[in-house]
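Coordinates in review
Here are the chains, one letter per residue:
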Amino acid sequence: MNVCAWCGHFKMKEYPEHAKVGLGRCAGRAARVDVIAPFLPWKTPACGRYSPAANVGDRHAWIEKRQALEQNTNAAQTKTKG
């Protein structure tokens, strides 16, 4: 599945505080003058500018961690709701 986190325009390491909450900065979006918030959720569907990231090893680990956090959060919410 082509999502922003697999794209070469999606930067995470330079923005650790955003990455902690599952966001990355899209260099393609940031290049546009009219964009106020260039940070996107990691699982945003890839746009027409999508190009595969070179360092997929680190990204794969980051994506797995994000998925695990989201699954834990969803499981906790389900138990709370009842």
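Above this text sits the structure in question.
Residues numbered from 1 in each chain as written. Predicted model: local features only at pLDDT ≥ 70, side-chain atom pairs only at ≥ 80, totals over all residues. Heavy atoms only, no water.

Evaluation of the coordinates by the stated rule reveals three salt bridges. The salt bridge partner of Lys13 is Asp58, with a shortest N-O separation of 2.9 Å. In this pair, Lys13 sits in the loop between strand 1 (10-11) and helix 1 (16-19) while Asp58 sits in helix 3 (residues 56-81), placing the two residues 45 residues apart along the sequence. Overall, the relative accessible area of 64% leaves Lys13 in the exposed class. Residue class for Asp58 comes out partly exposed when judged on its relative accessible area of 39%. (Salt bridge = Lys/Arg side-chain N within 4 Å of Asp/Glu carboxyl O. Helix = DSSP H or I, 4+ residues; strand = E, 2+ residues; numbered from the N terminus. Buried < 20%, exposed > 50% of the residue type's maximum accessible area, 1.4 Å probe, protein only.)

For the rest of this paragraph, the subject is the sheet that holds strand 2 (residues 23-26). Judged by pairing direction, the sheet is antiparallel, and its three strands sit side by side in the order 1-2-3 without closing on themselves. Unpaired on one side and paired on the other, strand 1 and strand 3 (39-41) mark the two borders of the sheet. The pairing of strand 1 with strand 2 spans two bridges and is classified as antiparallel. If you follow Phe10 over to strand 2, its bridge partner there is Cys26. (Pairing = 2+ DSSP bridges.)

Quick look at the pairing of strand 2 now. Every second residue of strand 2 is oriented toward a common face, the buried set being Gly24 and Cys26 and the non-buried set Leu23 and Arg25. Bridge count for strand 2 against strand 3 is three bridges, and the pairing is antiparallel. Paired with Leu23 across the two strands is Pro41, which belongs to strand 3.

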